[in-house]
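Descriptive structure summary
Here are the chains, one letter per residue:
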Amino acid sequence: MNRLKEFFWLCAGVNKSILQNCPSESSKYVGIGATIFFTGIFAALAGGYALFTIFDSYLAAAFFGIIWGLMIFNLDRFIVSSMRKNDEPRQEWLSALPRIALAIIISIVIAKPLELKIFEKEVEAEISLMIREDLAAQEQTVKQRFSDTRTRLNEELQALKDEIDNKAKKRDELRKIAQEEADGTGGSKQRNAGPIYQIKKADADRVEQELEAIVATNGAQIAAKENTLAQIEAQEKSTLSELKESQLTGLASRIEALDRLTKKSSAIWAAHWFIMLLFLAVETAPVFVKLISQRGPYDFVLKKEEYGFEAAYYEDLAKVNSIIKKRSARLTQDEIDYVRNRLQLSLEKT
């Protein structure tokens with residue numbers, strides 16, 4: 001138990017020799033150290049899972065996850081150990097604001113991969129839907145690419161066929177008129193094949209020749225355009241068959257899937273914020289414990305130790321200044337005044 005306690009003291013970044021003489025502070029710093037330690041563990045797990053989605057390697061994920069956890073552990077330890085209690089709440093809170101902001105950022109970074117793991121099944125289902133949507137979008141893009149050409153060719157084909165049909169209708173109409181003239185059911189109402197019939201038949205024959213010419217000309221164009229359409233259809237089918245499902249297995253895709261889920265499901269939205277708030281509370285807990293706790297024996301002893309070093313520093317400065325002033329006694333008065341003025345300025349800056 002003593003080793004575990006000392007380990008958590010180490011995690012909290014306290015001075016072991018000082019804290020051993022302040023037993024009433026032991027539990028507080030054991031709690032702070034334990035929080036920092038387990039935050040580092042969660043960070044390692046979260047980082048390992050996030051990196052596994054990138055590298056698809058357990059070894060690489062474990063290696064970089066441990067490094068990530070140690071980095072977060074070291075940051076948390078530094079944040080807490082660098083805070084000092086000096087009975088000036090306003091100053092303490094102002095100095096703690098950057099540390100709180102950093103703790104919030106760290107908690108968000110830790111929470112997101114763990115959220116992805118917690119909602120892994122739902123995220124996988126959403127990714128499958130995203131893959132189908134992406135494939136459908138690719139198919140639509142391919143079809144749209146060939147659609148304009150196909151529409152234009154179909155319109156040109158229809159125009160060529162309509163020209164043939166219209167000329168055929170005109171021929172049939174003229175033939176009918178000539179036939180009615182011949183059998184007396186139309187035209188002059190006289191049943192004979194006289195000159196009027198010959199004129200009308202000539203018109204029908206002329207249109208027949210025009211129809212044959214149009215059929216010959218348009219038929220070749222129709223065949224060419226139908227061949228082009230067939231090639232376009234084959235090319236479109238080939239392109240569609242080559243489409244592949246997107247490999248949406250990366251971290252960014254999973255985060256996007258989770259974001260879509262939170263927008264679609266109020267339950268997942270609430271769970272997302274509960275998890276985020278939980279990690280915010282855990283990550284910022286050591287900082288707030290330091291802020292709201294009373295100044296204890298450890299703080300007084302630590303302040304005394306630090307003040308001793310500060311006082312020794314000023315003492316050494318005074319000794320150095322004294323030596324320099326004695327050594328400068330051999331100089332001229334102007335030089336002595338210059339040296340002393342510079343020394344005085346240096347003391348004021350320290």
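It should be noted that the structure appears before, not after, this text.
Attention in this report is confined to the structure presented alongside it. (Residues numbered from 1 in each chain as written. Predicted model: local features only at pLDDT ≥ 70, side-chain atom pairs only at ≥ 80, totals over all residues. Heavy atoms only, no water.)

**Focus on the overall build of the protein chain**
Summing up its helical and strand segments, the protein chain has eleven helices and zero strands in all. Mapped from its N terminus to its C terminus, the protein chain presents α and β elements in the order α-α-α-α-α-α-α-α-α-α-α. For the protein chain, the residues scored as buried account for 32% of the 350 residues in total. About 22,100 Å² of surface is accessible on the protein chain, with carbon and sulfur atoms providing 59% of the total. (Helix = DSSP H or I, 4+ residues; strand = E, 2+ residues; numbered from the N terminus. Buried < 20%, exposed > 50% of the residue type's maximum accessible area, 1.4 Å probe, protein only. Areas by Shrake-Rupley, 256 points an atom, 1.4 Å probe, with all protein chains shown as cover.)

**Concerning helix 9 (residues 266-292)**
The largest bend in helix 9 comes to about 50 degrees, at A285, with the proline P286 one to four residues further on. For helix 9, the complete set of buried residues consists of I268, H272, I275, M276, F279, E283, T284, P286, V287, K290 and L291. Looking at where helix 9 begins, the residue whose side-chain oxygen comes 3.4 Å from the main-chain nitrogen of A267 is S265. (Bend = angle between axes of the 7 residues up to and from the residue. Polar contact = N/O pair within 3.5 Å; in protein donor to acceptor, adjacent residues only side chain to side chain.)

**Description of the side chain of E115**
Residue position: E115 is located in helix 5 (residues 89-118). On the accessibility criterion, E115 (0% relative accessible area) is buried. Look past the residues within four positions of E115 in its chain and what remains in contact with it is L258, H272, I275 and M276. (Contact = heavy atoms within 4.5 Å.)

**Overview of the environment of V123**
Relative to the helices and strands, V123 resides in helix 6 (residues 120-183). With a relative accessible area of 1%, V123 lands in the buried category. Remark: the alpha-carbon pair of V123 and A257, spanning 134 residues in sequence, is separated by 5.8 Å.

**Examining the nonpolar core**
Counting residues in hydrophobic clusters, the biggest one holds 27 residues, and the most contacted among them are I110, V123 and V287. Mapped onto this core, the elements with two or more residues apiece are helix 3 (26-55), helix 4 (58-81), helix 5, helix 6, helix 8 (251-264) and helix 9. Ranked by the residues each element gives to this core, the list is headed by helix 5, at seven residues. Setting aside chain neighbours within four positions, we find I110 in contact with T39, F42, A43, A46, I72, F279 and E283. Judged by nonpolar contacts, the second largest core, of 16 residues, contains W9, I32, F73 and L302. (Core = buried A, V, L, I, M, F, W, Y, C linked by side-chain atoms within 4.5 Å.)

**Structural notes on a nonpolar patch on the surface**
A cluster of nonpolar side chains, contributed by I54, F55, F63, F64 and I67, occupies part of the molecular surface with about 480 Å² of accessible area. Elements with a minimum of two residues in the nonpolar patch: helix 3 and helix 4. In terms of residue count, helix 4 provides more of the nonpolar patch than any other element does, three residues in total. Secondary-structure assignment places F63 in helix 4. (Patch = residues over 30% accessible without salt bridge, like charges linked within 9 Å, V, L, I, M, F, W, Y side chains within 5 Å. Salt bridge = Lys/Arg side-chain N within 4 Å of Asp/Glu carboxyl O.)

**A word on the side chain of R171**
Within the secondary structure, R171 is located in helix 6. Using a relative accessible area of 16% as the deciding quantity, one classes R171 as buried.

**A closer look at the pattern of salt bridges**
For side chains bearing opposite charge, pairing can occur when the charged atoms are close. Inspection of every chain in the model, using the stated rule, returns 18 salt bridges. Note that E6 is salt-bridged to K16, the shortest N-O span being 3.2 Å. One end of the pair, E6, is in helix 1 (residues 2-12); the other, K16, is in helix 2 (residues 16-19), and ten residues separate them in sequence. Judged by its relative accessible area of 30%, E6 falls in the partly exposed class. Its relative accessible area of 40% is what places K16 among the partly exposed residues. Ionic contacts of the salt-bridge type, sharing partners, join the residues E126, E133, R260 and K264 into one network.

**Re the packing of aromatic side chains**
Counted according to the given criterion, the structure contains six aromatic pairs. Through pairs of rings, three or more aromatic residues link up here, namely F7, F8, F37 and F38. (Phe/Tyr/Trp six-rings, centres within 6.5 Å; stacked < 30°, edge-to-face > 60°.)

**A short note on the packing of helix 3 against helix 9**
At their nearest, the axes of helix 3 and helix 9 sit 10 Å apart, and the two run at 150 degrees to each other. As far as their axial angle goes, helix 9 and helix 3 are roughly antiparallel. Seen along the crossing, helix 3 lies across helix 9 with a hand that is left-handed. For the pair formed by helix 3 and helix 9, the contact residues are K28, Y29, I32, T35, I36, T39 and F42 on the first element and F279, V282, E283, P286, V289 and K290 on the second. Of the residues belonging to the contact of helix 3 with helix 9, the class tally is eight nonpolar, two polar and three charged. (Axes fitted to C-alpha atoms, helices over the stretch in contact; angles between N-to-C directions. Parallel < 35°, antiparallel > 145°, perpendicular 65-115°, else oblique. Left-handed = near helix turned anticlockwise from the far one by under 90°. Nonpolar A, V, L, I, M, F, W, Y, C, P; charged D, E, K, R; others polar.)

**Some details on the environment of S26**
Relative to the helices and strands, S26 is located in helix 3. The residues contacting S26, other than those within four sequence positions of it, are K5, W9 and L19.

**Thoughts on helix 10 (residues 297-327)**
Here helix 10 is 31 residues long and its end C-alpha atoms lie 45 Å apart, about the 45 Å a rise of 1.5 Å per residue gives. Among the residues of helix 10, those classed as buried are Y298, D299, L302 and N321. (Expected span 1.5 Å × (residues − 1).)

**Overview of the environment of I79**
Within the fold, I79 resides in helix 4. It is 10.0 Å that separates the C-alpha atoms of I79 and T284, two residues lying 205 residues apart in sequence.

**Notes on the packing of helix 1 against helix 4**
Between helix 1 and helix 4, whose axes approach to 8 Å, the crossing angle comes to 80 degrees. Here helix 1 is positioned roughly perpendicular relative to helix 4, judged by the angle of their axes. Facing helix 1, whose interface residues are L10, C11 and A12, helix 4 presents F73, R77, V80 and S81. Classifying every residue of the contact of helix 1 with helix 4 gives five nonpolar, one polar and one charged.

Any functional reading would require information that these geometric values do not contain.
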